[in-house]
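Chain residues, written in single-letter form:
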Amino acid sequence: MIYDLIIIGGGPAGSAAAVYASRKRLKTLFITSEFGGQSIVSEKIHNWIGTIEIAGSKLAEDLKNHVMANASDVLEIKEGLEVNGVIKNGETFKVKTKSGEEFETKTILITTGSGRRKLEAKNADKLEHKGLTYCATCDGPMFSDMDVAVIGGGNAAFESASQLLAYCKSVTLVSRSRNFRADEITVDKVSKNPKLKIITNSDILEIKGENFVEGMIIKDRATGEEKEIKVSGIFVEIGQIPNTDFVKDIIPLDKGGKIKIDPWTGKTETPGIWAAGDCTNILYHQNNIAAGDAVKALEDIYLAIHTK
Ligand SMILES: Cc1cc2nc3c(=O)[nH]c(=O)nc-3n(C[C@H](O)[C@H](O)[C@H](O)COP(=O)(O)OP(=O)(O)OC[C@H]3O[C@@H](n4cnc5c(N)ncnc54)[C@H](O)[C@@H]3O)c2cc1C
């Protein structure tokens, strides 16, 4: 059996494309490790259009329900499968999963999004979810009236610091470089808060704590001086890594590992493969944008299949 289309990834992008694919009666296989995508961890999302406020977990449930409601003789859904390879097979492609299954298709839409870049420091793994977290929006309120740290120097780091400053006793922002990647206006605004302390040009060597975070050891990159900072919570904001490793041999990626696409159509540089959402080199990463861009790509896939 050869599918018209295989969609890989079940966040807002993949789910939107699946609904459209079914309604356009493309013979589609939809494969995702899980439904919902990155904002599943958010306590509240306020900008999912048409919905004033929604928990990330409810958004995931809604996306799943919407896709499931469109399951049919043309849309087949496989949840819980991870794709680990795509190979060209003459005029078609073979999509391989970690569990050893293989599926054949004429076209592919990749919507595998991205994940957080993990902090590489001693004990960072051990104390993840035990005071070390990757989501200020989700976990911040648990650290009310405590001293916390934010690791990073981009917009996400400053925005997390800004949120935490509203209820934490103090926030220490530690950045690896001397200059921040964040917008000047954001840095200026957040830096005015007297509860914020900024340390630049420093590496995080170790997270301290037996069962829960108690502090961290940092090292000044210029002087080599090491010191311990006592904090109860550490929020890591050092960037995103696109989930594109499984296609790196078949699709050109940019230097950050993102799939290069034509923004008009979602076409990648490999004929027959489209991509949309956070796994691509588009500038802005939002649920609505991911969903809209995937629909745009789906329209183009439909046209490509029917005008071939
Ligand atoms: C904490 C947090 C809060 C956020 N809050 C907001 C917000 O309030 N508003 C907003 O608009 N945006 C928010 N965002 C950004 C938003 O979540 C992303 O822009 C959006 O999720 C991107 O959607 P996507 O479908 O491209 O990718 P993702 O949401 O990353 O979804 C990718 C999907 O692909 C699946 N997948 C990955 N690899 C594979 C594989 N190899 N095989 C099979 N399946 C795979 C994953 O399981 C997942 O279902 C937030 C992001 C984070 C991290």
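All of the points below concern the structure found in this document. Keep in mind it's a predicted model, so treat the numbers as computed, not measured. (Residues numbered from 1 in each chain as written. Predicted model: local features only at pLDDT ≥ 70, side-chain atom pairs only at ≥ 80, totals over all residues. Heavy atoms only, no water.)

**With respect to the overall build of the protein**
Here is step 1 of the chain: Counting its regular elements, the protein contains 6 helices and 17 strands.
Here is step 2 of the chain: Relative to the 2.2 N^0.38 estimate, which gives 19 Å for 308 residues, the radius of gyration of the protein is 21 Å and therefore close to what a compact globule would have.
Here is step 3 of the chain: Along the first, second and third principal axes, the C-alpha set of the protein runs to 65 × 40 × 40 Å.
Here is step 4 of the chain: The 308 residues of the protein split such that 49% are buried.
Here is step 5 of the chain: Pairs at least 24 apart in sequence give 59% of the contacts found in the protein among residues at least 6 apart.
Here is step 6 of the chain: As presented, the protein carries roughly 15500 Å² of accessible surface, and 50% of it is formed by carbon and sulfur atoms.
Here is step 7 of the chain: Taking the average location of the 39 positive side-chain charges in the protein and that of its 42 negative ones, the two points are 2 Å from each other. (Helix = DSSP H or I, 4+ residues; strand = E, 2+ residues; numbered from the N terminus. Rg over C-alpha atoms; globule rule 2.2 N^0.38 Å. Buried < 20%, exposed > 50% of the residue type's maximum accessible area, 1.4 Å probe, protein only. Contact = heavy atoms within 4.5 Å. Areas by Shrake-Rupley, 256 points an atom, 1.4 Å probe, with all protein chains shown as cover. Lys, Arg positive; Asp, Glu negative; His and termini not counted. Charge placed at Lys NZ, Arg CZ, Asp CG, Glu CD.)

**Remarks on the site of the ligand**
Here is step 1 of the chain: For the ligand, the set of nearby residues contains 32 residues, the closest of which are Glu34, Gln38, Asn47, Asp278 and Asn287.
Here is step 2 of the chain: Here an oxygen atom of the ligand sits 3.4 Å away from a polar atom, N or O, in the main chain of glycine 10.
Here is step 3 of the chain: With respect to the ligand, the backbone of asparagine 287 contributes an N or O atom lying 2.9 Å from an oxygen atom.
Here is step 4 of the chain: Within the complex, the protein chains bury 88% of what would otherwise be the 1000 Å² of accessible surface of the ligand.
Here is step 5 of the chain: Tallied by class, residues from the shell around the ligand come to 9 nonpolar, 19 polar and 4 charged. (Near = heavy atom within 4 Å. Polar contact = N/O pair within 3.5 Å; in protein donor to acceptor, adjacent residues only side chain to side chain. Nonpolar A, V, L, I, M, F, W, Y, C, P; charged D, E, K, R; others polar.)

**Overview of the side chain of serine 202**
Here is step 1 of the chain: Looking at the secondary structure, you find serine 202 in strand 12 (residues 202-208).
Here is step 2 of the chain: Within the structure, the side chain of serine 202 is placed 3.0 Å from the backbone oxygen of threonine 200, a separation counted as a polar contact.
Here is step 3 of the chain: Leave out the neighbours within four places in its chain, and serine 202 touches Val174, Ser175, Arg176, Ile218, Lys219, Asp220 and Arg221.

**Some words on the pairing of strand 13 (residues 215-220)**
Here is step 1 of the chain: Here strand 12 pairs with strand 13 via 6 bridges, running antiparallel. When the bridges of strand 13 are listed, lysine 208 appears paired with glycine 215.
Here is step 2 of the chain: Linkage of strand 12 to strand 13, two consecutive antiparallel strands, is achieved through a turn of 6 residues, within which glycine 209 is found at a positive phi near 140°.
Here is step 3 of the chain: As defined by bridge partners, strand 13 adjoins strand 14 (residues 226-230) across 5 bridges and the pair is classed as antiparallel. Each residue of the ladder has a partner; that of glycine 215, found in strand 14, is lysine 230.
Here is step 4 of the chain: Between strand 13 and strand 14, which pair antiparallel one after the other, the connecting turn spans 5 residues, and glycine 224 there sits at a positive phi close to 80°. (Pairing = 2+ DSSP bridges.)

**Quick notes on helix 4 (residues 155-165)**
Here is step 1 of the chain: Of the residues making up helix 4, those classed as buried are Ala157, Phe158, Ser160, Ala161, Leu164 and Leu165. Seen end-on, helix 4 carries its buried residues on one side only, within an arc spanning 160°. (Arc of directions from axis to C-beta.)

**Overview of the packing of aromatic side chains**
Here is step 1 of the chain: A full pass over the atoms with the stated rule returns 3 aromatic pairs.
Here is step 2 of the chain: Judged by centre distance (5.3 Å) and plane angle (80°), the rings of phenylalanine 143 and phenylalanine 235 are edge-to-face. Of this pair, phenylalanine 143 sits in the loop between helix 3 (136-139) and strand 9 (147-151) while phenylalanine 235 sits in strand 15 (residues 233-236); the two residues are 92 residues apart in sequence, bridging distant segments of the chain.
Here is step 3 of the chain: Centre to centre, the rings of phenylalanine 158 and phenylalanine 180 are 4.9 Å apart; their planes meet at 80°, and the pair counts as edge-to-face. In this pair, phenylalanine 158 sits in helix 4 while phenylalanine 180 sits in the loop between strand 10 (170-174) and helix 5 (184-191), placing the two residues 22 residues apart along the sequence.
Here is step 4 of the chain: When the ring centre of phenylalanine 93 is taken as origin, the NZ or CZ atom of lysine 88, which lies over that ring, is 4.5 Å away.
Here is step 5 of the chain: Just above the ring of tyrosine 134 sits the side chain of lysine 118; from NZ or CZ to the centre is 5.0 Å. (Phe/Tyr/Trp six-rings, centres within 6.5 Å; stacked < 30°, edge-to-face > 60°. Lys NZ or Arg CZ within 6 Å of the ring centre and 35° of its normal.)

**Some thoughts on the pattern of salt bridges**
Here is step 1 of the chain: Inspection of the entire model under this criterion finds 19 salt bridges.
Here is step 2 of the chain: Here aspartate 203 makes a salt bridge to arginine 176, at a shortest N to O gap of 3.0 Å. Highlighted residues: aspartate 203 in strand 12 and arginine 176 in the loop between strand 10 and helix 5, separated in sequence by 27 residues.
Here is step 3 of the chain: Across the pair aspartate 245 and lysine 248 runs a salt bridge, and its minimum N-O distance is 3.7 Å. (Salt bridge = Lys/Arg side-chain N within 4 Å of Asp/Glu carboxyl O.)

**Notes on the sheet that holds strand 14**
Here is step 1 of the chain: Spatially, 3 strands are ordered 12-13-14 in an open sheet, and the strand pairing comes out antiparallel. Sheet topology places strand 12 and strand 14 at the edges, where each strand pairs with a single neighbour. On average, each strand axis in the sheet is inclined to that of its neighbour by 30°, with strand direction left out of account. (Axes fitted to C-alpha atoms, helices over the stretch in contact; angles between N-to-C directions.)

**A short note on the sheet that holds strand 11 (residues 196-199)**
Here is step 1 of the chain: Strand order in this open sheet of 5 strands is 8-15-9-10-11, and the pairing throughout is parallel. One side of each edge strand has no neighbouring strand; the edge strands of this open sheet are strand 8 (132-133) and strand 11.
Here is step 2 of the chain: As paired elements, strand 10 and strand 11 share 4 bridges and run parallel to each other. Pairing of leucine 173 across the sheet is with isoleucine 198, part of strand 11.
Here is step 3 of the chain: In the packing of helix 4 onto the sheet, the strands contacted are strand 9, strand 10, strand 11 and strand 15, and the crossing angle to strand 10 comes to about 170°.

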